[in-house]
Amino acid sequence: MSARHYRKVAAVALATTVGLGLAACGSSSGNAAASAGGKTTIVVDCAPLKTDNGGKTLQQWNADVAAFEKIHPDVVIRSISVGAQCDNPPDFTARLQGGTQADVFYGYMTDLNQVLDADQAADITKYVNKDTVPNWDQITDVAKSAFTEDGKIYAVPFYSYTMGLVYNKKLFTQAGLDPSKPPATWQDVRTAAKAIAALGNGIVGYQDYSAQNTGGWHFTAELYARGGADVSADGKTATVNTPQAQAVLQTLHDMRFVDNSMGAKQLLGWADLLNNAGGGKVGMYIGAPDTVQSIVNQFKGSYADWAMAPMPGDNGPAQATLGGGNGYFFKKGDTPAQIKAGLEWLSFEELTPGQGQFNYVAQKAEGLPVGLPLSQLFTVGSATGKQIDTLAQQNTNLTLTDYAPYVNNPVKAIIEPPNAQAIYAVLDGPMGAVLTQPNANITQLLSDANTKIQTILSQGS
Amino acid sequence: MAATTVAPSAKAPARPVMQRGRAHRPGRLRRRAADNLTGYAFLVGGVLCFAFFSWYPMVREFIMSFQRTRRGVTTWVGWDNYVRVWHDPAFTAAWKNTIEFTLLALVLGYALPFLIAVLLNEFRHARGYLRVLVYIPVMLPPASGLFLFKYAYDPGNGVFNEVLRALHLPTSQWVQSEAMTIPSLVIASTWLNMGSAVLIYLAALQNVPGELYEAAELDGAGLLRRIWHVTVPQTRLILSLMFLLQIVATMQLFIEPFILAGGSGVQNHAESIVYLIYQHAFSFNHDLNGAAALGVMLMLVLLVFSGLYTWLSPKQD
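Conventions adopted
- Residues numbered from 1 in each chain as written.
- Chains lettered and ligands numbered in written order.
- Predicted model: local features only at pLDDT ≥ 70, side-chain atom pairs only at ≥ 80, totals over all residues.
- Helix = DSSP H or I, 4+ residues; strand = E, 2+ residues; numbered from the N terminus.
- Rg over C-alpha atoms; globule rule 2.2 N^0.38 Å.
- Buried ≥ 20, exposed ≤ 12 C-beta atoms within 10 Å, placed from the backbone.
- Pairing = 2+ DSSP bridges.
- Core = buried A, V, L, I, M, F, W, Y, C linked by C-beta atoms within 7 Å.
- Domains from an automatic or database assignment.
- Contact = placed C-beta atoms within 7 Å.
- Axes fitted to C-alpha atoms, helices over the stretch in contact; angles between N-to-C directions.
- Nonpolar A, V, L, I, M, F, W, Y, C, P; charged D, E, K, R; others polar.
- Expected span 1.5 Å × (residues − 1).
- Bend = angle between axes of the 7 residues up to and from the residue.

**A short note on the overall build of chain A**
Then, in step 1: Along chain A, the regular secondary structure elements total 17 helices and twelve strands.
Then, in step 2: On C-alpha atoms alone, chain A measures out to a radius of gyration of 25 Å, which is about the 23 Å that the 2.2 N^0.38 rule sets for 461 residues.
Then, in step 3: Projected onto its principal axes, the C-alpha positions of chain A cover 80 × 55 × 50 Å.
Then, in step 4: The 461 residues of chain A split such that 48% are buried.

This is the structure we're talking about:
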């Protein structure tokens, strides 16, 4: 290559590099293609992964997309799913900041604040009606309110849970306990935990979180159960320095150090506990029904081992429990046609009995569990709720009585407090302390936590 | 008169030179630019990468630390973010732990690799094999290495406590204990990272002229005196640079507490500044502005050490 030719190549390379760099900085999507060829295209995220259930779940999703497009020939659904994008909050925040989320994007009930701050959600209030979402009125107010601000709707909820007591039937039986009579109070939990831990072999009777803000999350659920709360109703005052909070920590401390029923290894985060549960080493924990799915799908557990009861209370049924869930937002800038198409898709895939997430016939054929009380999205006694229950009973491949105590004794759900994660980070402290320090001063821990939470509330974040 | 005749003649030769310079500069510049075009072409990729992924984010971080974005509206808020993160309940603990980790990592993570390098340098046999052995942990992905430590630190039946029990020594709660949290993080971090430092020290040691050791030996110096009077002075610059790099690297403590201590440990005993930044950015209602303020604070502290590094670097040349 001559020097002159070489320089020319170098110059072209330079121009290409600059061009690529500038292109990388440019906007990668737009709505120009949203209505190309008379068709409305929407990009929907969080489709199942190729690896989920050996690809069968994705296959079913794609079949649903095809069926929907047949009914709505003017709509094209492009579904995307990349890695653990739907379960990894930092990814979600990064996408919001970069404005790279899909036209119809998945989020938690607790995400509304950050989605609105990032100015990335479309107001869909005027598009939500009987035509687009026929059973909107039957969705619980808790689920709808989580995605509503100042009367404006920003997302369609499609999954709603409440926390309860998840327990291992097999370990109950081995410990001489009756799995059909799960613990109803925290005193019962303590007694059962002690019996299960006596099995030895690294088995713990009860396990709880204390790291990565999950400790504070569970503390809050257990506090709700005893009638307490992290903050006052107006969200302005910290309220964790109370007898109810004292009782939460005292019970955990006594299970850990007096009964020795919680094991030595603490500072557990979400995956740690479920991993131990999947290995058959955990008798009980607090969780939502979907954690049983995670135990089986991610941590090699077995559905046959697990059952659920309502959240235990202080001296009887729990006064409340922590609720949460997910929904689909609409990206700001979506055209009215895209919003309408998105609502129709969500109604088809996520909200209609016998279809999509409620297609129990297909799920049973795929070998997925049918009958887990995964979602409490629709109000108890509503027509849609009843239809879903009937379909579940007709197609179940689980023992429904395992979940009957949880299903038949619904506990009032309260969603997370404001600034939840910052408050949970503070509450990880007392949770970690009572589970690792035999001489933990609970009164002092709660007093300190209360002061810190008050600082967070007054500073905002 | 003399002055009037001398002055023009003194200036006269200057003018044509300047004119000649002016006349030829564009051509020469063009030729020089053309000659260096290939170099610029290769440079532009790197410069763009630094610009987009290092310099721009830094400038953006600085700007964001004085802004607040709420409901899509960004406003200038002065020092508010700095005041807010200053009042974060974990702020003091995060700085205290970061400094404690840095100091302890200097004692262990800085001195140990040097001593190992000196020892390896003394070996006449199997030197290559030992170098590989020391470097293996560096090749391990940090997360994998730390998960090994996580199991080893299990206060129930972890490897470390099993060994202590076998030796009839008291066991430890490791990362679950207030006193042992930071030392546990330092031990894991040192094991994971010291391989690179050992190799750098070894390279420096091999540049020390052998005759200096021979002379010292002839003067009757033992091993320790040889190290103190020959090795340390001869590798002083590398030691200084590694010292500063060690400080800059260890102050960015994140993955060790994240994996080993669940992020902040028991009552924030493992909380680090970088983990607090992560919490603000991704957990605390996506408080990116607070995270930026914390980032600027850390950057200013590290800039002092980086400045020292830059000041020391040319001296090595």
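**A look at the pairing of strand β3 (residues 104-108) of chain A**
Residue and element names in this part refer to chain A.
Then, in step 1: In terms of residue burial, β3 counts as a mostly covered element, since five of its five residues are buried.
Then, in step 2: Residue alternation in β3 divides its side chains into two sets, Val-104, Tyr-106 and Tyr-108 and Phe-105 and Gly-107, and both sets are buried.
Then, in step 3: The sheet contact formed by β3 and strand β11 (residues 321-330) spans five bridges and is antiparallel. What sits directly across from Val-104, in β11, is Phe-330.

**Section: unusual backbone geometry**
Residue and element names in this part refer to chain A.
Then, in step 1: Even without being a glycine, Asp-119 presents a positive backbone phi close to 55°.
Then, in step 2: Among the secondary structure elements, Asp-119 is positioned in the loop between α4 (112-117) and α5 (141-146).
Then, in step 3: Judged by the 15 C-beta atoms lying within 10 Å of it, Asp-119 falls in the partly exposed class.
Then, in step 4: Here Asn-201, not a glycine, exhibits a phi torsion of approximately 60°, which is positive.

**Section: the nonpolar core**
Then, in step 1: A:Tyr154, A:Met284, A:Tyr328, A:Ile453 and B:Leu260 are the most contacted members of the largest nonpolar core, which totals 172 residues.
Then, in step 2: Counting contributing residues, this core receives three or more from each of domain 1 (22-162 + 324-408) and domain 2 (164-322 + 411-459) of chain A.
Then, in step 3: Membership of the second largest hydrophobic core comes to ten residues, among which are B:Ala117, B:Val134, B:Ala197 and B:Tyr201.

**Details of the interface of chain A and chain B**
Then, in step 1: Residue-level contacts link 42 residues of chain A with 39 residues of chain B.
Then, in step 2: Mapped onto the side of chain A that touches chain B, the elements with two or more residues apiece are α1 (3-25), α3 (89-98), α4, α16 (420-436) and α17 (442-459) of chain A.

**Describing the sheet that holds strand β7 (residues 164-168) of chain A**
All names here are of chain A.
Then, in step 1: Read from one edge of the open sheet, four strands run β8-β9-β7-β10, paired in mixed fashion. Each edge of the open sheet is held by one strand with a lone partner, namely β8 (204-206) and β10 (306-310). Taken pair by pair, the neighbouring strands of this sheet meet at an average axis angle of 25°, ignoring direction.
Then, in step 2: Bridge analysis of β7 against strand β9 (residues 282-287) gives four bridges, and the strand direction is antiparallel. Along β9, the bridge assignment pairs Gly-164 with Gly-287.

**A few points about the domain arrangement of chain A**
As a measure of interface size, the accessible area lost when the parts come together is often cited.
Residue and element names in this part refer to chain A.
Then, in step 1: The domain architecture assigned to chain A consists of domain 1 (22-162 + 324-408) and domain 2 (164-322 + 411-459).
Then, in step 2: Computed from C-alpha coordinates alone, the two centres of domain 1 and domain 2 are separated by 29 Å.
Then, in step 3: Listed per partner, the contact involves 16 residues of domain 1 and 20 residues of domain 2.
Then, in step 4: Those elements giving two or more residues to the side of domain 1 that touches domain 2 turn out to be α5, β6 (155-162) and α15 (404-408).
Then, in step 5: Considering only residue class, the side of domain 1 that touches domain 2 consists of twelve nonpolar, three polar and one charged.

**Thoughts on the environment of A:Val75**
Residue and element names in this part refer to chain A.
Then, in step 1: Within the secondary structure, Val-75 sits in strand β2 (residues 75-80).
Then, in step 2: Separated by 351 residues in the primary sequence, Val-75 and Val-426 place their C-alpha atoms 47 Å from one another.
Then, in step 3: Setting aside residues no more than four positions away along its own chain, Val-75 makes contact with Lys-39, Thr-40, Ile-42, Glu-69 and Ala-341.

**Thoughts on helix α9 (residues 181-206) of chain B**
Then, in step 1: Taking 1.5 Å per residue as the helical rise, α9(B) with its 26 residues ought to reach 38 Å, and the 37 Å between its terminal C-alpha atoms agrees with that figure.
Then, in step 2: At B:Asn193, α9(B) shows its largest bend, some 50°.

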